[in-house]
Amino acid sequence: MSSFLSFLRWLQETPASVGIRESTWTYPVIESVHVLGLCLFLGFALLWDLRLLNVTLRRVPVSDVQARVMPWTNVGFVLMVISGALLFYEEPVRFYGNIFFRLKLVALVLAGLNAAIFHFFTAGKRLIEWDSSPVSPASAKTAGYISLFLWACIVVFGRFIAYNWFDPLVQ
Amino acid sequence: MLFPRSWFGLFNWIEHTSYGTMIRDSIWQFAAIEAVHLLALAVIGGAVLIVDLRLLGWTLRRQPVKQIARDAEPFLLGSLFMMLLTGYLLMASLAASKYYVNLAFQLKMIFLLLAIVFTFTVRRWLIYKDDTEINPAIAKIVAIVSVLLWSGVGIMGRGIGFY
């Protein structure tokens, strides 16, 4: 692990990382993109989860929501990953040592697994069959609830990274 | 400075309310309320954008605008209420000493006022019409104004921390 830490120390001293850190505007701009990207990515991901739970967009066929709304969620996701990676790159050592950053990564991996299991196993090609059904299958609902819970955790952990309550795990 | 001097007394009073003092003196309360503020942001973002992107013709074109607007409405109202409540509590903790003099906060409040007025007058008038009565050019303008006003709120909100 200490070689990983020295890699992060090296990363932190690369000219671009120093540049973002020392510039007045770059960091606030990247952070604003990350926060506003939340509206597109998570706002639409929540709509998808809530559609799975049959709470909203009930008259829109599930396959339509997937075809028309999901691409925007993906655009938002790319925006979040790029801006998030840049925020990490700006101060990798502090992020690595921050407990909430670690928790956020764990929750992100779990959310990814949940989405993958849903996409490849639960839903597969069955989305069309669900279009006409008034109630979502239990497995779809479970995926929706797990996703809502994990994304809420990710937002909360993400916000808490800014606080140094438990810093530093590493110096 | 955009806020009138006469408002200082009000901000000062808010800062010294019991809840303002309690949040200011706590290590974790401000952060916890901020987290709820962000969760509500995601919901309001989705509720606004799904209708605006529909008005632009960029999503769910097979469904009427009115239907999407109706589905989004409870989420818009619920999250707006949560945003205002948590936002007020965050502001109360340092109302006079930070927010009253913070230019980004002042601009945020102006954008917020404009966004709310626009959303519940012009935009609301448009999105509950039948699709056949909606002029596509006007729909696009309304969607763009809506996104710009709410983005102004968000960007200025993020700006409070950097001012």
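**Quick look at the overall build of chain A**
Here's step 1: When its secondary structure is counted, chain A shows 9 helices and 0 strands.
Here's step 2: Along its sequence from the N terminus, chain A presents helices and strands in the succession α-α-α-α-α-α-α-α-α.
Here's step 3: Along the first, second and third principal axes, the C-alpha set of chain A runs to 55 × 30 × 25 Å.
Here's step 4: In chain A, buried positions account for 30% of the 171 residues.
Here's step 5: At a minimum sequence separation of 6, the contacts of chain A that also span at least 24 residues come to 83%.

**Remarks on helix α7 (residues 99-123) of chain A**
All names here are of chain A.
Here's step 1: Given a rise of 1.5 Å per residue, 25 residues ought to cover 36 Å, and the 34 Å separating the end C-alpha atoms of α7 matches this to within 8%.
Here's step 2: Turning to α7, its buried residues number three or more, namely Phe100, Lys104, Ala107, Asn114 and Ala123.
Here's step 3: Considering only its buried residues, α7 is in contact with α8 (127-131) and α9 (138-160).
Here's step 4: Of the residues one or two after α7, Gly124 is the one with positive phi, at around 50°.

**Notes on the interface of chain A and chain B**
Here's step 1: The partner chain B presents 25 residues to the 27 residues of chain A that form the contact.
Here's step 2: Counting residues per element, the ones that place at least two in the side of chain A that touches chain B are α3 (26-52), α4 (62-68) and α9 of chain A.
Here's step 3: A per-element tally of the side of chain A that touches chain B places α3(A) first, with 13 residues.
Here's step 4: Classifying every residue of the side of chain A that touches chain B by side-chain character gives 19 nonpolar, 3 polar and 5 charged.

**Points about the environment of A:Val35**
All names here are of chain A.
Here's step 1: Looking at where Val35 falls in the secondary structure, it is placed in helix α3.
Here's step 2: Classification of Val35 by C-beta neighbours within 10 Å gives buried; the count is 21.
Here's step 3: For Val35 and Ser63, which are 28 residues apart along the polypeptide, the C-alpha to C-alpha distance reads 29 Å.

**Considering unusual backbone geometry**
Here's step 1: Here A:Asn54, not a glycine, exhibits a phi torsion of approximately 65°, which is positive.
Here's step 2: Within the secondary structure, A:Asn54 sits in the loop between α3 and α4.
Here's step 3: For A:Asn54, a count of 17 C-beta atoms within 10 Å gives the class partly exposed.
Here's step 4: Phi is positive for B:Leu60, close to 45°, though the residue is something other than glycine.
Here's step 5: If you trace the backbone, B:Leu60 turns up in the loop between α3 (29-55) and α4 (65-93).

**Remarks on the confidence of the model for chain A**
Here's step 1: Averaged over every residue, the pLDDT of chain A is 90; the share at 70 or more is 95%.
Here's step 2: Looking at the elements of chain A, mean pLDDT is at its lowest for α8(A), recorded as 77, and at its highest for helix α5 (residues 70-90) of chain A, recorded as 95.

**Observations concerning the packing of α3(A) against α5(A)**
Here's step 1: Relative orientation of the contacting elements α3(A) and α5(A) amounts to 150°, with a least axis distance of 8 Å. In this structure, α3(A) crosses over α5(A), and the sense of that crossing is left-handed.

**Observations regarding the packing of α3(A) against helix α7 (residues 136-160) of chain B**
Here's step 1: Contact pair α3(A) / α7(B): the axes reach a minimum separation of 10 Å and the direction vectors enclose 130°. With respect to their mutual orientation, α3(A) and α7(B) come out oblique. The element α3(A) and its partner α7(B) pack so that their crossing is right-handed. On the side of α3(A), the interface is formed by A:Pro28, A:Glu31, A:Ser32, A:Val35 and A:Leu36, while α7(B) contributes B:Ser151, B:Gly154, B:Ile155 and B:Arg158.
Here's step 2: Along the lines of polarity and charge, the residues of the contact of α3(A) with α7(B) split into 4 nonpolar, 3 polar and 2 charged.

**Some details on the confidence of the model for chain B**
Here's step 1: Here chain B averages 96 in pLDDT, and 100% of its residues register 70 or above.
Here's step 2: Both confidence scores are given for the complex: pTM 0.93, ipTM 0.91.

Basis of the calculations
Residues numbered from 1 in each chain as written. Chains lettered and ligands numbered in written order. Predicted model: local features only at pLDDT ≥ 70, side-chain atom pairs only at ≥ 80, totals over all residues. Helix = DSSP H or I, 4+ residues; strand = E, 2+ residues; numbered from the N terminus. Buried ≥ 20, exposed ≤ 12 C-beta atoms within 10 Å, placed from the backbone. Contact = placed C-beta atoms within 7 Å. Expected span 1.5 Å × (residues − 1). Nonpolar A, V, L, I, M, F, W, Y, C, P; charged D, E, K, R; others polar. pLDDT = per-residue confidence, 0-100. Axes fitted to C-alpha atoms, helices over the stretch in contact; angles between N-to-C directions. Left-handed = near helix turned anticlockwise from the far one by under 90°. Parallel < 35°, antiparallel > 145°, perpendicular 65-115°, else oblique.

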